[in-house]
Amino acid sequence: MATSKVKYSEEELVVALKRNERTAFEFLYDHYSGALFNIICKTLRDEERAADVLQESFLKIWKNIASYNPEKGRLFTWILNIARNGAIDAARVEGRKPIMDDIDDRVALNERDTSEELNTVSSDMKSIVNMLRPERKILIDMAYFQGYTHEEISEELKIPLGTVKSRIRTALQELKQYFAV
Amino acid sequence: MNIQAYIESGILEEYVLGTVSPQEKQEVECMSHIYPEIKEELMRTESALEQYALKHQTPPPAFLKETLFAQMNFDEVTEEPESTEAISAEPTLVQSDDNIKKLPVDSDFRAEVQPGQAREVNTDATIADSGATVIYPSWAKFAVAASILFAALFGWSALQMSGVKKQNEQYAAEMAVLKSDMDVVKKDAEYKDALASLYRNPHHKVVRMAGLEKSPQSIVAAIWDTKTNDVLLDVQNLPATPAGKQYQLWTIVDGKPVDMGVLDQEFSHKVLKMKQANPGAVAFAITLEKTGGSPSPTMEDMFVMGKV
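Residues numbered from 1 in each chain as written. Chains lettered and ligands numbered in written order. Predicted model: local features only at pLDDT ≥ 70, side-chain atom pairs only at ≥ 80, totals over all residues. Heavy atoms only, no water.

Enquirer: Run through the side chain of Lys 176 of chain A, naming residues and quoting values.
Expert: Mapping Lys 176 of chain A onto the fold places it in helix H9 (residues 161-178). A polar contact is formed between the side chain of Lys 176 of chain A and the side chain of Thr 45 of chain B, at a distance of 3.2 Å. Residue contacts for Lys 176 of chain A: discarding those within four places in its chain leaves Glu 13, Glu 41, Arg 44, Thr 45 and Ala 48 of chain B. (Helix = DSSP H or I, 4+ residues; strand = E, 2+ residues; numbered from the N terminus. Polar contact = N/O pair within 3.5 Å; in protein donor to acceptor, adjacent residues only side chain to side chain. Contact = heavy atoms within 4.5 Å.)

In structure tokens form, the structure reads like this:
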């Protein structure tokens, strides 16, 4: 992935995006397209469709950047929502529920993600990637990446709703500790 | 409000995950607006998830970026009138000069920063704005000034126009009132003239119909021209007709009612021409009938009656 040499703080980036600066959008793409594509693929699984959705989402981001309000949340949360909704809509258009693997499959996938990362990240990062226990990671991925409600997760995984909620909470606490600024 | 309890309730996590109801969403947004601690916690959660997401990347196809950016249009940058902001962004642009694609406006901006070179680089500016110690292209200034002036003029004239229009409307309304007043006066005069001449005519027999139990206040006069047998009515007082009803005039001839026609719905302040009367009529009466009249009178709905 090519990265431009321009560095932006989130604030600067938002200002530049709202000013419709090409460099800012290139930065946004270089910085976030991998994460967004990963999320879209999790819902659609078909890479070609996923690429279309990523493109549509990015155009939507570009067109609607004026409506993004930093007061309400971080930029990434906003663009992730656009991409995630795009993926869910696309899955619905194709007349099927967003892909849901059984847990084993899911865990295997997560391990694949992890091993991919291991090549590129420092050993310090390994612990971060590994820190979430698989059964919690699934919940985060389903809720955050794929937009499942807690009720849907509970139904899909046959885990009591209370357990879903508490696991997600614990997982988020752990994430916050790991990524504490 | 126990902020800590609110934070620990788990609502913020659900908010960030996007699984809250629209109502809860609004609530969280409101709370984070009021309590900085809540906002900070929200940002921390969002930030943690963001970094988590960034740890999981799948590179999209390489061609995608080019296809995507080909569909985007960044022209608006050149149209931005906020030159000052553009200049403040300059250092980043200069620093990254070699690595990024130059924006078409780049050279213009640089010209603005270095006035010494401005004349050489940006000929547009010098031609259009001779002599002035200027940095910005003069057309831009003129355009801005012109548009402000235009906007101001437009606003002012719109204001004036709306005032004039309002006044016009007011005059028109007043005129309409005056006119209708005049019409009333004129009609009234005509009506009174007509009545006066009717009453003065020696051939005219005036039959006064007085109100019955049903409507004691009612009073109508029938003016019967004994020469021609024409009958005119002067309604001095009758209640307004209910919907679907109409007054009907009758004469009594040989002990039987004879239809004399229905009264116009607008029966006040004018002389109504009715059917010709039978010379043997001994009485006049008015009943309330269905619109258009009835073949025989409804006796319970007789309002006025007068003997000849």
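Enquirer: Got a sec to walk through the interface of chain A and chain B? Specific residues and values, please.
Expert: Taken together, the 57 residues of chain A in the interface contact 54 residues of chain B. A buried area of about 5500 Å², summed over both sides, lies between chain A and chain B, and 63% of it is on carbon and sulfur atoms. The largest per-residue losses of area from chain A upon contact with chain B belong to Arg 19, Arg 22 and Lys 176 of chain A, which jointly make up 13% of the total buried on that side. Put simply, chain A and chain B have eight salt bridges between them. The partner of Lys 65 of chain B in a salt bridge is Glu 26 of chain A, and the shortest N-O contact between them spans 3.4 Å. (Buried area = accessible area lost by both parts, 1.4 Å probe. Salt bridge = Lys/Arg side-chain N within 4 Å of Asp/Glu carboxyl O.)

Enquirer: Go over the nonpolar core with me, naming the residues and quoting the values.
Expert: With 79 residues, the main nonpolar core has Phe 25, Leu 28 and Leu 75 of chain A as its most contacted residues. Here this core gets 13 residues from one element, more than from any other, and that element is helix H2 (residues 22-44) of chain A. Beyond its immediate sequence surroundings of up to four residues, Phe 25 of chain A is in contact with Leu 17, Asn 20, Phe 58, Trp 62 and Ile 65 of chain A together with Phe 69, Met 72 and Phe 74 of chain B. Formed by 24 residues, the second largest nonpolar core is a distinct cluster that contains Met 274, Ala 277, Leu 288 and Phe 303 of chain B. (Core = buried A, V, L, I, M, F, W, Y, C linked by side-chain atoms within 4.5 Å. Buried < 20%, exposed > 50% of the residue type's maximum accessible area, 1.4 Å probe, protein only.)

Enquirer: Can you tell me about the sheet that holds strand E1 (residues 204-211) of chain B, naming the residues and giving the values?
Expert: Residue and element names in this part refer to chain B. A sheet is described by the order of its strands in space; here eight strands give the open sequence E5-E4-E7-E8-E1-E2-E3-E6, paired in antiparallel fashion. With one partner strand each, in any of the chains shown, strand E5 (256-262) and strand E6 (271-273) form the two edges of the open sheet. Put simply, the sheet's adjacent strands are angled 30° from each other on average, direction ignored. Sheet analysis places strand E4 (residues 245-253) next to strand E7 (residues 283-290), joined by eight bridges and oriented antiparallel. Each residue of the ladder has a partner; that of Tyr 247, found in E7, is Leu 288. Against the sheet, helix H12 (residues 138-200) makes contact with E1, strand E2 (219-225), strand E3 (231-237) and E6, and its axis sits at roughly 120° relative to E3, the strand it touches most. (Pairing = 2+ DSSP bridges. Axes fitted to C-alpha atoms, helices over the stretch in contact; angles between N-to-C directions.)

Enquirer: Could you give me a rundown of the pattern of salt bridges, with the residues and numbers involved?
Expert: Side-chain pairing between opposite charges can occur once the charged atoms of the two side chains come close. In this structure the tally under the stated criterion is 22 salt bridges over all chains. A salt bridge links Arg 74 of chain A to Glu 50 of chain B, with the nearest nitrogen and oxygen atoms 2.7 Å apart. Here the residue Arg 74 of chain A occupies a position in the loop between helix H3 (47-64) and helix H4 (75-93), and Glu 50 of chain B occupies one in helix H4 (residues 36-54), the pair thus bridging two chains. Between Lys 176 of chain A and Glu 13 of chain B there is a salt bridge; the shortest N-O distance is 3.6 Å. On the criterion of chain membership, the pair formed by Lys 176 of chain A in helix H9 and Glu 13 of chain B in helix H2 (residues 11-17) is interchain, its members lying in two chains. Judged by relative accessible area, which is 3%, Lys 176 of chain A ranks as buried. Where salt bridges share partners, they join Arg 169 and Lys 176 of chain A together with Glu 13, Glu 41 and Arg 44 of chain B into one cluster.

Enquirer: How would you sum up the environment of Tyr 191 of chain B? Please name residues and give values.
Expert: Residues and elements named next belong to chain B. Examined against the element boundaries, Tyr 191 turns out to sit in helix H12. When its relative accessible area of 10% is taken as the criterion, Tyr 191 is described as buried. Tyr 191 has contacts with Asp 234, Val 235, His 269, Lys 270 and Val 271, leaving out every residue within four places of it along the chain.

Enquirer: Just give me the short version of unusual backbone geometry, but keep the residues and values in it.
Expert: Residue and element names in this part refer to chain B. Even without being a glycine, Asn 229 presents a positive backbone phi close to 65°. Topologically, Asn 229 is positioned in the loop between E2 and E3. The buried category is assigned to Asn 229, whose relative accessible area is 17%. The residue His 269 is not glycine, and still its phi comes out positive at about 55°. Counting through the fold element by element, His 269 comes out in the loop between E5 and E6.

Enquirer: An account of the layout of surface pockets is requested, with residue identities and associated values reported.
Expert: Approximately 850 Å³ is the volume found for the largest pocket. If you trace the largest pocket, you find 33 residues lining it, with Asn 81, Arg 84 and Asn 85 of chain A together with Leu 17 and Gly 18 of chain B closest to the centre. Those elements that place two or more of their residues in the lining of the largest pocket are H4 and helix H8 (150-157) of chain A together with H2 and helix H3 (22-34) of chain B. Ranked by residue count, the leading element in the lining of the largest pocket is H4 of chain A, at nine residues. A class-by-class count of the residues in the lining of the largest pocket yields 10 nonpolar, 11 polar and 12 charged. (1 Å grid on protein atoms, 1.4 Å probe; cavity = no way out; pocket = protein on both sides within 12 Å on 5 of 7 lines; lining within 4 Å. Points joined across faces, edges and corners; volume = space filled by probe spheres on them. Nonpolar A, V, L, I, M, F, W, Y, C, P; charged D, E, K, R; others polar.)

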